[in-house]
Amino acid sequence: MSGESATSANSGSPKPPGTGRLGRLLQRSEAARGLSLLSPTLLIMFIGVAVPFGILIVMSFWTQIGFGFDTSPTVANYENFGERPIYGALLKRSLWMSSAATAATVLLCYPMAYFVAFHIHRNKMIWIVLITLPFWTSYLLRVFAWKVVLGYEGVINSALMTLGLIKAPLEFLLYSQSAVVITLAHAWAAFAILPMYVSLEKIDKSLLEAATDLGDGPVRRFLRITLPLSMPGVISASLLIFIPTTGDYITPALLGGPDGAMIGNLIQKQFGAINNWPMGATLSIILMLSIAAIALVFMFVTNFVRKRIS
Amino acid sequence: MKQSDAYISIRNVNKLFGSFQAISDVSIDIRQGEFFSLLGSSGCGKTTLLRMLAGFEMPTSGEIFIDGQPMSEVPPHRRPVNMVFQSYAIFPHLNVRDNIAYGLRKRKLSRAKRDTMVDEMLELIKLPEYGDRKANQLSGGQRQRIALARALILRPKVLLLDEPLGALDKQLREQMQLELRALQKTVGITFVFVTHDQEEALTLSDRIAVMANGRELQVDTPTRLYERPVNRDVASFIGNMNFFEGKITGISDHRASVDVKGLGHVTTTNFDAKLKPGVDICIAIRPEKLILTENEPRNTGNKARGQMDKAAYLGERSHYYVRLDGISQPVAISAQNRQRAEGAPEEKRPIWISWEDDAFVVLEDG
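Parameters and conventions
- Residues numbered from 1 in each chain as written.
- Chains lettered and ligands numbered in written order.
- Predicted model: local features only at pLDDT ≥ 70, side-chain atom pairs only at ≥ 80, totals over all residues.
- Heavy atoms only, no water.
- UniProt positions renumbered as here; feature names shortened; annotations may be inferred.
- Domains from an automatic or database assignment.
- Contact = heavy atoms within 4.5 Å.
- Buried area = accessible area lost by both parts, 1.4 Å probe.
- Salt bridge = Lys/Arg side-chain N within 4 Å of Asp/Glu carboxyl O.
- Phe/Tyr/Trp six-rings, centres within 6.5 Å; stacked < 30°, edge-to-face > 60°.
- Helix = DSSP H or I, 4+ residues; strand = E, 2+ residues; numbered from the N terminus.
- Buried < 20%, exposed > 50% of the residue type's maximum accessible area, 1.4 Å probe, protein only.
- Lys NZ or Arg CZ within 6 Å of the ring centre and 35° of its normal.

Looking at an unreviewed UniProt entry, one finds chain B named Spermidine/putrescine import ATP-binding protein PotA and attributed to Antarcticimicrobium luteum. The annotation that UniProt attaches to chain B under Function (unreviewed entry) is "Part of the ABC transporter complex PotABCD involved in spermidine/putrescine import. Responsible for energy coupling to the transport system." One UniProt comment on chain B, placed under Catalytic activity (unreviewed entry), says "ATP + H2O + polyamine-[polyamine-binding protein]Side 1 = ADP + phosphate + polyamineSide 2 + [polyamine-binding protein]Side 1."

An unreviewed UniProt entry annotates chain A as ABC transporter permease of Antarcticimicrobium luteum. Under the Sequence similarities (unreviewed entry) heading, UniProt states for chain A: "Belongs to the binding-protein-dependent transport system permease family. CysTW subfamily." Comment text from UniProt for chain A, heading Subcellular location (unreviewed entry), reads "Cell membrane".

Encoded structure:
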């Protein structure tokens, strides 16, 4: 069982599994086998995530000079972030808007997920497909669609005016924070429904009957059994929406107006019009750290609350 | 049973699922403090009936009374009953103590009082050290006991048990049967127990309702169900039974004379008083009530000649199959091996079967 068997494998006879040097290594170590299965993904992750991330970190300590960089390390960008209130304000606003969008999405989608999980008994798959149907269109298209709905002469304004409920178009609908929150909440709905549906669907129906049997009415039963048992879905839905929406720049760029701009727009400008890549890198990293911190606190709090409820 | 004795009264209940009739016109009365079993094969409607007692299903027609109160307007969480589910339904996000105390929250008890009650329950189910465990750290038998404790702590008027021992292995099941029976005597609560295991039902119950196709066939004590089944279905569902065709030739002094095909003349007191002479009937005898002998038995007229067909040795007992003249089906005989069995008897060997007076039972349907 060495090189010879490998060569004989070449001469037509079928090669038994686990022969050859690599084969033996794979057979010996479970970790090696796991790594080899992961290796294509790991390679892409390394090239696509780890390397750019490293570049970002390094660049955040550089300084922009004209069209070139001063590569001597400095924390000036981070100091700059602390000194100029615009950065902090934009970050705070982004986190706030994204939290609002997350809360709105989860609150609106939970009943939908609940409905499909508990009240649909046949053709559940069709319902799931129907729910995700809007997400077959491009993100940009959905954002534009909301522009049409919320616009100055859009669907809502013209309908309300035709009904005579308002005299002049409502201006807060478009180019505002609420427009961004509404659009984000809709654009990410599928990411909220699916995890929540899965965790609701998994709940053993006899647990609900047991809670009823032990004296709980529908509301109490929901609070004591259904909600805690579906919390994993709620948490993953919240994180799935909160994390990408905080850094989103398309929606605020198209629908936000000056009031609705988010940190993502500023980062984009740093890499574009403003042409200060190191500052853009710094902002990206600060944004990422903030999201990570908030996600950790969120997970810690829900864990704590869950323990307290039970 | 008198109507006034009934603690749970199921009156002419029907249940339709779409066009499928799961329960048809069932009327059963259950006494207070009774261990009552619903026995039948799967799909006979026993679980549906139990779920209607719990309130998870509503009767399509008919009414259920518990302690004199009609239940049709009472939602499941307000009924004076609690249920032990087949899957146990232990809440996975709660530990054992919180599972047991689950139903107490509504009672507005002090924390100390609640803890005492839970401790008592843990003691009762013999798991005092397990309070802080989670559901996934428990074995099937332990889950079963916790499900029981969770229901019993509320002191329900009636405890409903949906095949609670079905998922346990044989040894544990037998142990739990004894514990369950002892527990029921201790707490004195009415138990309604669903099972498909006739032996389990016979062991545990004060009375049993045998069900098939959504109907109750017979409601009786274990002894009477076994000794005086009302019809073929009940007789063949509980234990084994030999059936014969016959005709009643005369009735005198509470004793029926029956002319039985293959056996000749048989008398028995086990018959329905409504039956009249001249009626074709079905008559039956349990395999262990037939006595097998090589020589013609003396001093009895209750005997018939036959031919050995097959024998099966089962250790503590043997099963024999004997052919009688005039009937195609061999007769089954079960005998305890009091002496060492000397190999299987030869086939075609002529032998005698005999029986005691009143060993036969006349069934309703001819």
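The rest of the description comes next.
Looking now at the domain arrangement of chain B. Residues and elements named next belong to chain B. In terms of domains, chain B is made up of domain 1 (3-229) and domain 2 (240-363). Each of domain 1 and domain 2 has a C-alpha centre, and these two points are 40 Å apart. In this complex, domain 1 contributes 5 residues to the contact, which on the side of domain 2 involves 10 residues. For the domain 1 and domain 2 pair, buried surface summed over both sides reaches about 570 Å², with 42% attributable to carbon and sulfur atoms. The largest share of the area that domain 1 buries against domain 2 comes from Y226, R228 and P229, three residues that together contribute 83% of it.

With 20 residues of chain A in contact, the opposing surface of chain B contributes 24 residues. The junction of chain A with chain B conceals about 2000 Å² of combined surface from both sides, 58% of it contributed by carbon and sulfur atoms. Of all residues in chain A, D213, L214 and R224 of chain A bury the most surface against chain B, accounting for 35% of the area lost on that side. Inspection of the region where chain A meets chain B yields 1 salt bridge. Across the salt bridge formed by R51 of chain B and E209 of chain A, the nearest N and O atoms sit 2.5 Å from each other.

Under the counting rule described, the total for this entry stands at 17 aromatic pairs over all chains. Where Y114 of chain A meets F222 of chain A, the ring centres are 6.1 Å apart and the plane angle is 70°; that geometry is what we call edge-to-face. Of this pair, Y114 of chain A sits in helix α5 (residues 85-119) while F222 of chain A sits in helix α12 (residues 218-246), and the two are 108 residues apart along the sequence. A residue is classified by how much of its surface remains accessible, and Y114 of chain A, at 22% relative accessible area, is partly exposed. Under the relative-accessibility criterion, F222 of chain A is labelled partly exposed at 24%. Positioned above the aromatic ring of Y102 of chain B is the side chain of R224 of chain A, whose terminal nitrogen or guanidinium carbon lies 3.7 Å from the ring centre. One Lys or Arg, R232 of chain B, reaches over the ring of F243 of chain B and ends 4.2 Å from the middle of that ring.

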